[in-house]
Amino acid sequence: MSTFTAGEELAPLTVEITRDQLVRYAGASLDFNPIHWNEAFAKEVGLPDVIAHGMLTMALGSRLVTDWLGDPGRLVDYFARFTRPVVVPNDGAATIEFTGKVAVVNDDGTARVDITAKFEGKAVLGKAQAVVRA
C-alpha cells in the first residue's frame, strides 16, 4: 500500500498537440465541432485559430496523475475548469506543460493532487484537482 506525502511533486509531463491529433480525438470523442479543425470557422466565431478540445486537455491532466500512480484505478475523482483555450497551429504543435503536487493527505488514505496545466506560460485549467487512493 502506497502512502502519500503532502508537498510531494509529480514528475512533470509535457505534451505536444497537433491538428492531426485533434482530428483523431474528434473521431474518438464524437466531438466534431468545427472550432477544433476548421481555421476559418474558428476565427469567424472569435477564436484566434483552431483550439484543442477542452476534454482532451483535461484528459492529459489526468494522465499526469495516472502515470504517477502507476494504476489508473487509483484515481478516485477528477475535476477541472477550462480557463483558456489551447491554440493549435496548422504547422507544428501546441505544447502543454503539466505539473502536480500532493496538496492534502486525508485520514482515509486518499490524497488531493493539485494539477497545473500551462500553454504559453498561462494556465489553461483552473482548480484542476484529483483525488487518489493508496
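None of these values were measured; they are calculated from a predicted model.

> Give me the pairing of strand β1 (residues 13–17): which residues, what numbers.
What you see with β1 is a clean split: Leu13, Val15 and Ile17 sit on the buried side and Thr14 and Glu16 on the side with no burial. Inspection of the sheet shows β1 paired to strand β3 (residues 94–105) by 5 bridges, in the antiparallel sense. By the bridge assignment, leucine 13 is partnered in β3 with phenylalanine 98.

> Break down the nonpolar core for me, citing the residues and quoting the values.
With 32 residues, the main nonpolar core has Ile17, Val65, Val86, Phe98, Val113 and Ile115 as its most contacted residues. The set of elements that each furnish at least two residues to this core consists of β1, α3 (54–69), β2 (75–82), β3, β4 (110–119) and β6 (125–133). Residue contributions to this core peak at 6 residues, all from α3. Setting aside its immediate chain neighbours within four residues, valine 86 contacts Val50, Ile51, Ala52, Thr57, Ala94, Ile96, Phe119 and Val124.

> Give me the pattern of salt bridges: which residues, what numbers.
If you walk through the whole model with that rule in mind, you get 6 salt bridges. For aspartate 67, the salt bridge identified is with arginine 63, shortest N-O distance 3.6 Å. With aspartate 67 and arginine 63 both in helix α3 and 4 residues apart, this pair spans about one turn of that helix. Note that aspartate 114 and arginine 112 form a salt bridge whose closest N and O atoms lie 2.8 Å from each other. On the accessibility criterion, aspartate 114 (26% relative accessible area) is partly exposed. In this structure arginine 112 comes out as partly exposed when scored by relative accessible area, which is 27%. Within this structure, Arg19, Glu39, Lys43 and Asp49 form a network of salt bridges that share partners.

About the criteria used
Residues numbered from 1 in each chain as written. Predicted model: local features only at pLDDT ≥ 70, side-chain atom pairs only at ≥ 80, totals over all residues. Heavy atoms only, no water. Buried < 20%, exposed > 50% of the residue type's maximum accessible area, 1.4 Å probe, protein only. Helix = DSSP H or I, 4+ residues; strand = E, 2+ residues; numbered from the N terminus. Pairing = 2+ DSSP bridges. Core = buried A, V, L, I, M, F, W, Y, C linked by side-chain atoms within 4.5 Å. Contact = heavy atoms within 4.5 Å. Salt bridge = Lys/Arg side-chain N within 4 Å of Asp/Glu carboxyl O.

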